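Architecture and fold: a report
Spelled out, the chains give:
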Amino acid sequence: MSRAAQDGPPARSSRPRPGKRFGRAARPTAGSFMAFNLTPMIDVVFNLLIYFIVGTTFLRAEGILPSRMARLGSAAGAQAIPVTPIRLILSQVPGPEERIRIRLEGSAAVPQDFEDLCRILINLRTGGIGFDAHTPVVVHAQDQVAWDHVVNAYNAAKRAGYEAINFGTARRSE
Amino acid sequence: MPPAAKRPSHPPVRFNVTPLIDVVFLLVIFFMLVSQFSSAEHVDLEVPEPHQSQAAEVAVPEKVIINIQYVDQDLPPVYLLGSVHVDELDELDRRLRHQKKETPNLEVVLRADKRVPYHYVRQAMQIIAANRIEVFHIVAKPQGVPR
C-alpha cells in the first residue's frame, strides 16, 4: 500500500486558493452565456406604474383666491374718508336657462359677460375718474345665483387690478 | 491512485436588492393610501372655474376648511367643517368659535360646489365674519387646468 493510500484523502486546506476569493461570482466558462433576467425589472416597473396611478388621484388642481372680510366699526374706519365703492350686482334672468345679468351700480355700462366686466373695470381704474386699485369693489348677488358666477365676478375684479374686493349682502334692487 | 473526493462548491453570495425595492415601493403605496384619510377634508365637489383664473396654489398654514357640498341635487347642500358633517349653521358657528379660540390667526378656506346658490355661501361667510376671522380663501380652479 502506498503512503498516499494510507493517509487517506488529503486534508482540506482552510486557506483559499489564489484567485478564488470568497463571494466572488464564478467566471463564465466556455459554453456559458450571459442573460438578463427581466423579471425583477418588470416587477419594479409595475410598482412604479401603480405608484404613479395612485399618486395622481391625490393631486387636486385647486387654487385659492385670497379675500378679506370688510372691517366694520374699527377705529381706522371711522377716521377714513368714505370712498364710493364699485358695486357689481349679479342677478338671475328668469327662464329655463341659467343666465345671469351683470350690472355695475350707478353705471350705464352693461357687461355682457365676465370678460367684458373685466374690461369695463380696467377702464374705470385707468380712466382718471377717481377710481384706482384701492377702490373697494363689492360683489352683490341674488340668492339663487350660482357660486360659480359669483367667483367669476370676484375673479374679474381681481384680474382688473383691484385689491379690496368684498362680498356684500343682498340688495333690494337685485 | 483513487480520485480525490469532489469538493462541495460554494455558491457565490450576492445581495439581491430587487425584493427590497419591491417591499419599499409597496410600503410607499400603503402609506399614500393611508394618507388619504388625512386629506379627507377635501371632500369631492366641483369647485368654481373662473375664466382666466387668478387662483394660485398657495399653502395656508393655520386653516380650517369649510366645504359646501351637494350630496343630492334635489336636496339643499350640506356644510362640512373639514370632513365633519355639520347639521346646523349654529353648530358650524360653535365649532368655528372653538377653533378660533385655539388658533387666533385662523384662516378659513371656503370650498363650495360651483352649483351652490349664493345664499348658502353667504350664510357661511356671515358666520366667518361673526367669528372675527378676517382672512378667508375662496377655492377655485387655477388657470391652465383642463375643465
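Every chain's residues receive numbers from 1 upward, in the order its sequence appears when written. Chain letters start at A and ligand numbers start at 1, both assigned in the order the entries are written. Owing to the predicted nature of the model, reporting of local features is limited to residues with pLDDT of at least 70; listing and counting of side-chain atom pairs is limited to 80 or more, with chain, interface and lining totals taken over all residues. Hydrogens are left out, water is left out, and the side-chain values use all remaining heavy atoms of the structure.

**Examining the side chain of B:Q69**
Residue and element names in this part refer to chain B. Test applied: Only runs of H or I of at least four residues qualify as helices and only runs of E of at least two qualify as strands under DSSP, and these elements are numbered from the N terminus. Type-normalised accessible area, obtained with a 1.4 Å probe on protein chains alone, sets the label of each residue: buried when under 20%, exposed when over 50%, and partly exposed for intermediate values. Note on definitions: a residue-residue contact is assigned when non-hydrogen atoms from the two residues lie within 4.5 Å.
Examined against the element boundaries, Q69 turns out to sit in strand 1 (residues 63-69). Residue Q69 is classed as buried on the basis of its relative accessible area, which comes to 17%. Residues in contact with Q69, not counting those within four places in the same chain, are V43, D44, L45, P77, V78 and L80.

**Focus on the interface of chain A and chain B**
Rule in force here: Here's the idea: put two parts together, see how much 1.4 Å probe accessible area each one loses, and the total over both is what we call buried area. Each salt bridge in this description consists of a side-chain nitrogen of Lys or Arg and a carboxyl oxygen of Asp or Glu lying within 4 Å of one another.
Taken together, the contacts link 47 residues of chain A with 59 residues of chain B. Counting each side, the surface lost to burial between chain A and chain B is near 4,600 Å², with a carbon and sulfur contribution of 63%. Broken down residue by residue, the surface that chain A buries against chain B is led by A:I64, A:M69 and A:W147, which jointly contribute 18%. Connecting chain A to chain B are one salt bridge. At the level of secondary structure, the elements contributing two or more residues to the side of chain A that touches chain B comprise helix 2 (39-56), strand 1 (63-68), strand 4 (137-141) and helix 5 (147-159) of chain A.

**Examining the packing of helix 4 (residues 114-126) of chain A against helix 5 of chain A**
Residues and elements named next belong to chain A. Our working definition: Lines fitted to the C-alpha atoms define the axes, with helices restricted to the stretch that makes contact. Angles between their N-to-C directions range from 0 to 180 degrees. Handedness of a crossing follows from how the near helix is turned relative to the far one, being left-handed for an anticlockwise turn of less than a right angle and right-handed for a clockwise one. Three categories are distinguished: nonpolar for Ala, Val, Leu, Ile, Met, Phe, Trp, Tyr, Cys and Pro, charged for Asp, Glu, Lys and Arg, and polar for the others, with Gly belonging to the last.
With their axes 8 Å apart at the nearest point, helix 4 and helix 5 run at an angle of 35 degrees to one another. In terms of crossing hand, the pair formed by helix 4 and helix 5 is right-handed. Contact residues: F114, E115, L117, C118 and L121 in helix 4; H149, N152, A153, A156, A157 and R159 in helix 5. Of the residues contributing to the contact of helix 4 with helix 5, the split by class is seven nonpolar, two polar and two charged.

**What to know about the sheet that holds strand 2 (residues 86-92) of chain A**
Within a sheet, each strand pairs with its neighbour through backbone hydrogen bonds, oriented either parallel or antiparallel. Residue and element names in this part refer to chain A. Short version of the rule: We call two strands paired when DSSP finds no fewer than two bridges between them.
Spatially, the four strands line up as an open sheet ordered 3-2-4-5, and their pairing is mixed. In this open sheet, the two strands that pair with only one neighbour each are strand 3 (100-104) and strand 5 (165-167). Neighbour-to-neighbour, the strand axes of the sheet open up by a mean angle of 20 degrees, direction not taken into account. As paired elements, strand 2 and strand 4 share five bridges and run parallel to each other. Within the sheet, the bridge partner assigned to L88 lies in strand 4 and is V139. Packed on one face of the sheet, helix 4 meets strand 2 and strand 3 and runs near 5 degrees to strand 3. Sheet strands in contact with helix 5 are strand 2, strand 3, strand 4 and strand 5, and its direction is about 160 degrees off that of strand 5.

**Structural notes on a nonpolar patch on the surface**
Residue and element names in this part refer to chain A. Rules: Patch building starts from residues that exceed 30% relative accessible area and form no salt bridge, then joins like charges within 9 Å and nonpolar side chains (Val, Leu, Ile, Met, Phe, Trp, Tyr) within 5 Å. In this description, accessible areas are obtained by the Shrake-Rupley approach with a 1.4 Å probe, and a residue is regarded as covered only by the protein chains that are shown.
Together, F36, L38, M41, I42, V45, F46, L49 and I53 give the surface a local cluster of nonpolar side chains, amounting to about 880 Å² of exposed area. Relative to the elements of secondary structure, I53 occurs in helix 2. The class of I53 is exposed, set by a relative accessible area of 52%.

**Considering helix 4 of chain A**
All names here are of chain A. Applicable threshold: Expected helix span is computed as 1.5 Å times (number of residues minus one).
If you check helix 4, its first and last C-alpha atoms are 18 Å apart, about what 13 residues at 1.5 Å a residue would give, namely 18 Å. Among the residues of helix 4, F114, D116, L117, C118, I120, L121 and L124 are the ones counted as buried. At its buried positions, helix 4 is contacted by strand 2, strand 3 and helix 5.

**Focus on the pattern of salt bridges**
Overall, the coordinates contain 10 salt bridges over all chains when judged by the stated rule. Linking A:E115 and A:R159 is a salt bridge whose minimum nitrogen-to-oxygen distance equals 3.2 Å. Of the two residues, A:E115 sits in helix 4 while A:R159 sits in helix 5, which places them 44 residues apart along the sequence. Close ionic contact of B:K114 with B:E49 constitutes a salt bridge, the shortest N to O distance being 3.4 Å. Of this pair, B:K114 sits in the loop between strand 4 (107-112) and helix 3 (118-130) while B:E49 sits in the loop between helix 1 (18-34) and strand 1, and the two are 65 residues apart along the sequence. Summarising the burial analysis for this pair, B:K114 and B:E49 share the class buried.

**Looking at the packing of aromatic side chains**
Defined as follows: A pair of Phe, Tyr and Trp rings is counted when the ring centres sit within 6.5 Å of each other, with Trp represented by its six-membered ring. The angle between the planes then sorts it: under 30 degrees is stacked, over 60 is edge-to-face, the rest tilted.
Counted under the stated rule, the structure contains five aromatic pairs over all chains. Between A:F167 and B:F136, the ring centres sit 6.2 Å apart and the planes meet at 50 degrees, which makes this aromatic pair tilted. Placement of the pair is A:F167 in strand 5 and B:F136 in strand 5 (residues 135-140), with the two residues belonging to separate chains. Ring pairing ties together the aromatic residues A:W147, A:Y154, A:F167, B:Y118 and B:F136, which thus form one cluster.

**Topic: the nonpolar core**
What counts here: Only buried Ala, Val, Leu, Ile, Met, Phe, Trp, Tyr and Cys residues count toward a nonpolar core, and they belong to the same one when joined by side-chain atoms within 4.5 Å.
A:L90, A:L121, A:W147 and A:F167 are the most contacted members of the largest nonpolar core, which has 54 residues in total. Here this core gets seven residues from one element, more than from any other, and that element is helix 5 of chain A. A:F167 has contacts with A:S67, A:V138, A:V139, A:W147, A:V150, A:Y154, B:Y118, B:M125, B:F136 and B:I138, leaving out every residue within four places of it along the chain. Core analysis: the second largest hydrophobic core is formed by 10 residues, A:I64, B:L45, B:V47 and B:V109 among them.

**Quick word on the confidence of the model for chain B**
Residues and elements named next belong to chain B. Operational definition: How sure the predictor is of each residue is captured by pLDDT, a score from 0 to 100.
Confidence in the prediction for chain B averages 82 pLDDT; 87% of positions are at 70 or higher. Put simply, helix 1 is where chain B has its lowest mean pLDDT, 78, and strand 2 (residues 78-81) is where it has its highest, 92. ipTM for the predicted complex: 0.74, alongside a pTM of 0.69.

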